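What follows is each chain in one-letter form.
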Amino acid sequence: MSALLSVRGLEVGYRTTAGTVPAVRGVSLDVAPGEVVAVVGESGSGKSTLAQAVIGLLPDNGAATAGTVELDGTGELTTLGERGLRAVRGARIGFVPQDPGVALNPVQRVGAQVAEALRTHGIADRRSAPRRAVELLERAGLPDAAVRAGQYPHELSGGMRQRVLIAVAIAAGPGLVIADEPTSALDATVARRILDHLDTLRRDDGTALLLITHDLAVAADRADRIVVMRDGRIVEQGPAAAVLADPSDAYTRELLAAAPGLATSTPPSPFPAAGAGEAPVAEVHDLVKEFALPRIRGQWRRERHRAVDGVSFTIGRGETLALVGESGSGKSTTARLLLRLEDPTSGRVLLDGEDVTTVRGEAWRGLRRRAQLVHQNPYASLDPRFSVREVITEPLRAFAVGTRAEQDQHAAALVDRVALPAPVLDRRPAELSGGQRQRVAIARALALSPQLVVCDEPVSALDVSVQAQVLELLAELQERDGLSYLFISHDLAVVRRVAHRTGVMHAGRLRELRPTAELFADPHDGHTQELLAAIAGQRAGAVT
């Protein structure tokens, strides 16, 4: 079968003050109609740069310096001007970016953004586009699509925003979809539905998929062929079954060994009841949070959505409590309420025995130093004007901790501890990969040596080898300093590895909260059973 996409000898470099930095070095690959090709590798290996080069969306300082990218029926893409590329994007090649928080327009309702893609390609007119947009959102797995279409991106969870991007990508029925980490922000059940939908497009319409992912379990389940990249080069490629069963390159073997979804994940030892007699570091009592929903045309009454519904739990000193559940289940909202980044509709949150729902002024500032957040979206949470050094030392400056020299020393030590090279201290967030930005966010959260760290999908943007390093770092800090974690994640393999206790949320309610080993061995709630059944990697015969 002739290739739909053919890449030959592609080289891409980024212009910097120190000269041109190569990011893709002599890459060659083919994607046939209806084929799924997964490109895997560490953060910074060149995966996303390859995807951006194919569709002509490299940053201003990036350029293809050699090689060709040919799309069947269109010709060579690297020589097309912007006008020619606009005719290809969306119509011939759909693109799902890695970061939905940046890719979506923050001041436009999400339904209008999907409708805009339909009108741009002449698929629908102004009257029919809103209805077709809702249909696409439903196909992409967005619940209550008619309501969500009237909301802005910041009103949706990270997983919901990702599904909006998928709806935009498939709007014009392209022959090739390039998906850059399309399920990194999604829970197991929704990820399965999204990937099932992409499989349906491939089967029914012959749509090909170039899948950029750090999740080897997803690659094992879905890919016909796997391409392994490192330092901008392809080190191995071949049929998925052959690469996973008998990898020829040492680096591929390292990735497989580090993948929590493809190996047995052993939970930590059970946490002593009530923290061995110590008062818990955090207590949540009957927490409720309601949001007003946008009015639907034809309805006069404005409805309210209960995102968190009567949630209660405690976190012991030195304990890791994980919350899992579908995107939109209330996990991240619960975390924000715990840190009082949102005010609850009702209920109480106690931090070190003090009610943070009522404390004000300097007393609240002092408590806030003890609890820090690692955001789900590192790009949106890092000031683009700051260097990494300034990002990490900002909390130290805010609380007047140490001299300037001591702050810089502390920043350098933290960068090293989260597996980043020292030169990143003088770079800005835009110059880093998604995984590197997430590691900077983790370093910043640890700067003030807090007692409690709320980790909202802290490793979802990281490749498997760096995931392992970061999780080991978090465990080391917990063992050394008695640090407590509230760990929000959709990755059940990671949760099984790090959490003493795990709570399962669904529709705002805490459905089940038990020691992690017990919950995985014998889930009681039907929703828990569904989540465990959806773990990626099981089709390849590898379970967590």
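Residues numbered from 1 in each chain as written. Predicted model: local features only at pLDDT ≥ 70, side-chain atom pairs only at ≥ 80, totals over all residues. Heavy atoms only, no water.

1. What to know about the overall build of the protein chain
No. 1: Scanning the protein chain for helices and strands turns up 21 helices and 20 strands.
No. 2: Computed over its C-alpha atoms, the radius of gyration of the protein chain comes to 23 Å, within 12% of the 24 Å expected for a compact globule of 544 residues.
No. 3: Overall size of the protein chain, expressed as C-alpha extent along the three principal axes, is 70 × 60 × 45 Å.
No. 4: Partitioning the contacts of the protein chain with sequence separation of at least 6, the portion at a separation of at least 24 is 69%.
No. 5: Summing over all exposed atoms, the protein chain offers an accessible surface of approximately 22,800 Å²; the carbon and sulfur share of this is 48%.
No. 6: Distance between charge centres in the protein chain, computed from 62 positive and 66 negative side chains, equals 6 Å. (Helix = DSSP H or I, 4+ residues; strand = E, 2+ residues; numbered from the N terminus. Rg over C-alpha atoms; globule rule 2.2 N^0.38 Å. Contact = heavy atoms within 4.5 Å. Areas by Shrake-Rupley, 256 points an atom, 1.4 Å probe, with all protein chains shown as cover. Lys, Arg positive; Asp, Glu negative; His and termini not counted. Charge placed at Lys NZ, Arg CZ, Asp CG, Glu CD.)

2. Things to note about helix H16 (residues 404–417)
No. 1: For H16, spanning 14 residues, the distance from its first C-alpha to its last is 20 Å, which sits close to the expected 20 Å at 1.5 Å a residue.
No. 2: Those residues of H16 that sit buried are Gln 407, Ala 411, Leu 414 and Val 415. Down the axis of H16, the sector holding all buried residues measures 100°, keeping them to one side. Facing away from the buried surface of H16 by more than 90 degrees, the exposed residues are Ala 405, Gln 409 and Asp 416. (Expected span 1.5 Å × (residues − 1). Buried < 20%, exposed > 50% of the residue type's maximum accessible area, 1.4 Å probe, protein only. Arc of directions from axis to C-beta.)

3. Structural notes on the layout of surface pockets
No. 1: As a volume, the largest pocket reaches approximately 1,700 Å³.
No. 2: When its residues are assigned to classes, the lining of the largest pocket shows 18 nonpolar, 17 polar and 12 charged.
No. 3: The space that makes up the second largest pocket amounts to roughly 990 Å³.
No. 4: Contributing to the lining of the second largest pocket are 42 residues, with His 154, Leu 156, Ser 157, Arg 161 and Arg 336 lying nearest its centre. (1 Å grid on protein atoms, 1.4 Å probe; cavity = no way out; pocket = protein on both sides within 12 Å on 5 of 7 lines; lining within 4 Å. Points joined across faces, edges and corners; volume = space filled by probe spheres on them. Nonpolar A, V, L, I, M, F, W, Y, C, P; charged D, E, K, R; others polar.)

4. What about the environment of Ala 23?
No. 1: Looking at the secondary structure, you find Ala 23 in strand S2 (residues 19–31).
No. 2: With 80 residues separating them along the chain, Ala 23 and Ala 103 place their C-alpha atoms 22 Å apart.
No. 3: If sequence neighbours within four positions are ignored, Ala 23 has contacts with Val 12, Gly 13, Tyr 14, Ser 45, Gly 46, Thr 49 and Gly 232.

5. Re empty space enclosed by the protein
No. 1: Considering all chains together, one arrives at 3 cavities of 30 Å³ or more under this definition.
No. 2: Empty space within the second largest cavity amounts to approximately 50 Å³.
No. 3: Along the walls of the second largest cavity sit Val 36, Val 177, Leu 198, Asp 199, Arg 202, Thr 207, Ala 208 and Leu 209, which together make up its complete lining.
No. 4: Listing elements by their share of the lining of the second largest cavity, those giving two or more residues are helix H8 (188–205) and strand S8 (208–212).
No. 5: At 3 residues, H8 tops the list of elements feeding residues into the lining of the second largest cavity.
No. 6: Its residues placed into classes, the lining of the second largest cavity shows 5 nonpolar, 1 polar and 2 charged.

6. Section: the packing of helix H4 (residues 110–120) against helix H7 (residues 158–169)
Each pair of packed helices gets described by two things: the angle between the helix axes and the distance between those axes.
No. 1: For the pair H4 and H7, interaxial distance at closest approach is 9 Å and the crossing angle is 20°. With respect to each other, H4 and H7 are oriented roughly parallel. Regarding H4 and H7, the two cross each other, and that crossing is right-handed. Between H4, through Val 110, Gln 113, Val 114 and Ala 117, and H7, the contact on the second element is made entirely by Val 164, Ala 167 and Val 168.
No. 2: Here the residues of the contact of H4 with H7 sort into 6 nonpolar, 1 polar and no charged. (Axes fitted to C-alpha atoms, helices over the stretch in contact; angles between N-to-C directions. Parallel < 35°, antiparallel > 145°, perpendicular 65-115°, else oblique. Left-handed = near helix turned anticlockwise from the far one by under 90°.)

7. Some remarks on the packing of aromatic side chains
In this description, a pair of aromatic rings is defined by centroid distance and the angle of the planes.
No. 1: A full pass over the atoms with the stated rule returns 0 aromatic pairs.
No. 2: When the ring centre of Phe 399 is taken as origin, the NZ or CZ atom of Arg 365, which lies over that ring, is 4.4 Å away. (Phe/Tyr/Trp six-rings, centres within 6.5 Å; stacked < 30°, edge-to-face > 60°. Lys NZ or Arg CZ within 6 Å of the ring centre and 35° of its normal.)

8. Some words on the sheet that holds strand S10 (residues 233–239)
Two orientations exist for strands paired in a sheet by backbone hydrogen bonds: parallel and antiparallel.
No. 1: Taking strand neighbours across the sheet as the criterion, the 6 strands line up as S6-S7-S8-S3-S9-S10 in an open arrangement whose pairing is mixed. Of all strands in the sheet, those bounded by a partner on one side alone are strand S6 (93–96) and S10. Each neighbouring strand pair of the sheet contributes to a mean axis angle of 15°, computed without reference to strand direction.
No. 2: Contacts from helix H11 (residues 250–258) reach strand S3 (36–41), strand S9 (225–230) and S10 within the one sheet, and its direction differs from that of S9 by about 105°. (Pairing = 2+ DSSP bridges.)

9. As for the environment of Leu 492
No. 1: With respect to the helices and strands, the residue Leu 492 is situated in helix H19 (residues 492–498).
No. 2: For Leu 492, a relative accessible area of 7% puts it in the buried group.
No. 3: Here the alpha-carbon distance between Leu 492 and Thr 189, two residues 303 residues apart in the chain, equals 11 Å.
No. 4: Leu 492 has contacts with Val 324, Phe 520, Leu 531, Leu 532 and Ile 535, leaving out every residue within four places of it along the chain.

10. Some thoughts on the side chain of Arg 163
No. 1: Following the sequence through the fold, Arg 163 ends up in helix H7.
No. 2: Not counting the four nearest positions on each side in its chain, Arg 163 is found in contact with Ala 140, Gly 141, Leu 142, Pro 143, Leu 186, Val 190, Ile 194 and Ser 327.

11. Structural notes on helix H12 (residues 331–338)
No. 1: Burial within H12 is extensive, with 6 of its 8 residues counted as buried.
No. 2: Here H12 has its buried residues at Lys 331, Thr 333, Thr 334, Ala 335, Leu 337 and Leu 338.
No. 3: Of the residues flanking the end of H12, it is Arg 340, one or two places downstream, whose phi is positive at about 55°.

12. Some thoughts on the sheet that holds S2
No. 1: The strand order S2-S1-S4-S5 describes an open sheet built from 4 strands, whose pairing is antiparallel. Edge positions in the sheet fall to S2 and strand S5 (75–76), since each has one partner strand and no second.
No. 2: With respect to the sheet, helix H1 (residues 47–55) is in contact with strand S1 (5–16), S2 and strand S4 (62–71), its orientation differing from that of S1 by roughly 110°.

13. Description of the pattern of salt bridges
No. 1: A full pass over the atoms with the stated rule returns 27 salt bridges.
No. 2: Glu 35 is the salt-bridge partner of Arg 225, the closest N and O atoms lying 2.7 Å from each other. A residue pair is termed long-range when its members are at least 10 positions apart, and Arg 225 in strand S9 and Glu 35 in the loop between S2 and S3 qualify at 190 residues. Glu 35 carries the same exposure label as Arg 225, and that label is buried.
No. 3: As a salt-bridge pair, Glu 472 and Arg 497 come within 3.8 Å of each other at their nearest N and O atoms. Separated by 25 residues along the polypeptide, Glu 472 in helix H18 (residues 464–481) and Arg 497 in helix H19 bring together distant segments of the chain.
No. 4: Given a relative accessible area of 48%, Glu 472 falls into the partly exposed group.
No. 5: If you follow the salt bridges from partner to partner, you end up with Asp 196, Asp 199, Arg 202, Arg 222 and Asp 224 in one network. (Salt bridge = Lys/Arg side-chain N within 4 Å of Asp/Glu carboxyl O.)

14. Details of the pairing of S3
No. 1: Counting buried positions along S3 yields 6 of 6 residues, so the element is predominantly enclosed.
No. 2: Burial along S3 is two-sided: the residues Val 36, Ala 38 and Val 40 and Val 37, Val 39 and Gly 41 are all buried.

15. Considerations on the confidence of the model for the protein chain
No. 1: Per-residue pLDDT for the protein chain averages 86, and the proportion of residues at 70 or more is 92%.
No. 2: Across residues 539–544, where pLDDT falls below 50, the model places 20 contacts with residues more than four positions away in sequence or in other chains. (pLDDT = per-residue confidence, 0-100.)

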